[in-house]
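# Topology and contacts: notes
So you can see what is in the structure, the chains are spelled out below.
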Amino acid sequence: MNQILDYVPNSKSNKSKGSDSIVRVFAILLIIFAIALIGVVGYNILSNKTEINKENQQATKANISVEVKEAKVTMKVVHDKKIQKLIYSWNTSSERTIKGSEKYMEETIEVPAGDNTLHIKVIDEMGTETIYDEEISSDKGVDIINPVIKLEVTNEKKLKITVTDETVLDFMTYRWNEEEEKTVYAEEGSKEIVTEIEILKGENDLTIVAVDGSSNTTTETKNFTGLTKPEVVVTLSADGSSINISATHENGIESVAFNFNNVDYNVDIGNDKPTSMQFSQKLDVGYNRIILTVKSVEGTETVFDGECNYGDANTGTTPDTQNTTTNETPTNETTEGV
């Protein structure tokens, strides 16, 4: 009996120690979980603050103001960040850039005569752009805008040159390669010069210089490759019973398509891209229609569309041929830097 009484207290002591261990472990886990939760919440709060600050920085724009006084305009820029550059231009003229380093910039420039649009763009150290446009009119302004040159290929041999200016033009010059310049003068008080010139065969450089009434000058150089069409010749034979057809191109003939009296025929020119070829075709008595299409290796094309009336011995008529159609061919153009 004494042994049993002695045993019971020992059993309670062991159970108490086991329960204490479990409580300690559980408490430690709760503490770890709480620390982790606090860390996650804190990180999210800091991240949100960072994103908000970043968005606020990106959303900040420069404050741009313009002050006009007689023939001068002063551009003022105030920012909460350092200004990297100030870019401005008048109308559609080329842009001019002024480098910045502080949070404030002030620049005074001349105002063009007449009605003009001043375009301003400010870029800060974060790369954020602020754009500002203002219409400015001045009777005392000066002419500081360069003429504008426009080039347009009208067909395989012609190039249209158009020069415009916001005030008045004086003259323009053009030259191929290193040849002598040719000058075209503007009519008195004119704001436009338009002229058309012939494109030289092969690859050539064209240089154009445009000068307005205030001696503002624009120079432009472009490279043009003048292509040529195949040359096609159709003649009657000595007795008038057939036609002789020949075609030539300096760089080679790609293909020849021949239609005689609404029937298509194959013309074998070989595989070596010949620079010339010829063949003959007997005529039918009466009306004849000949359509010949010759394509060069450059992609240029010539179409001969002709009619021929061939008479027999009883009628005594003589044949007659007529070329009625010739198609146009484009000219390739490539641009180099000015």
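Reference entry: report on the structure contained in this document. For every chain, the first residue of the written sequence is number 1, and numbering continues from 1 along that sequence. Totals for whole chains, interfaces and linings use every residue, but because this is a predicted model, local features are given only for residues with pLDDT of at least 70 and side-chain atom pairs only at 80 or more, for both listing and counting. The basis for every side-chain value is the complete set of heavy atoms in the structure, and neither hydrogens nor water enter the calculation.

### Let's talk about the packing of aromatic side chains
What counts as a ring pair is set by centres within 6.5 Å for rings of Phe, Tyr and Trp (its six-membered ring), and what kind of pair is set by the plane angle: stacked under 30 degrees, edge-to-face over 60, tilted for all other angles. Going through the model one piece at a time under the given rule, you end up with five aromatic pairs. Summarising the aromatic geometry, the rings of Phe-258 and Tyr-265 are spaced 6.1 Å apart at their centres and angled 40 degrees between planes, so their arrangement reads as tilted. Judged by its relative accessible area of 38%, Tyr-265 falls in the partly exposed class. An aromatic cluster is present here, built from Phe-258, Phe-260, Tyr-265 and Phe-279 joined pairwise through their rings. Per-residue accessibility, obtained with a 1.4 Å probe over protein chains only, is compared with the maximum for each type, and a residue is labelled buried under 20%, exposed over 50%, and partly exposed between these values.

### Brief notes about the pairing of strand S16 (residues 242-248)
By this definition, two strands are paired if DSSP reports at least two bridges between them. Strands are runs of DSSP state E lasting at least two residues, helices are runs of H or I lasting at least four, and both sets are numbered from the N terminus onward. Bridge count between strand S15 (residues 231-236) and S16: six bridges; the pairing is antiparallel. Of the residues in S16, the one forming a bridge with Val-233 is Ser-246. Hairpin connection between S15 and S16: a loop of five residues separates the two successive antiparallel strands, and Gly-240 in this loop has a positive phi of roughly 80 degrees. Of the strand pairs in this sheet, S16 and strand S19 (residues 276-282) are connected by seven bridges, and their pairing is antiparallel. Pairing of Ala-247 across the sheet is with Met-277, part of S19.

### So, the environment of Gly-100
Tracing the sequence through the fold places Gly-100 in the loop between strand S4 (96-99) and strand S5 (104-110). Spatially, the C-alpha atom of Gly-100 lies 9.3 Å from that of Ile-123, the residues being 23 residues apart in sequence. Pairs of residues are marked as contacts when any of their non-hydrogen atoms sit within 4.5 Å. In this view, Gly-100 contacts Ile-83, Gln-84, Lys-85 and Met-105; residues no more than four positions away in its chain are not counted.

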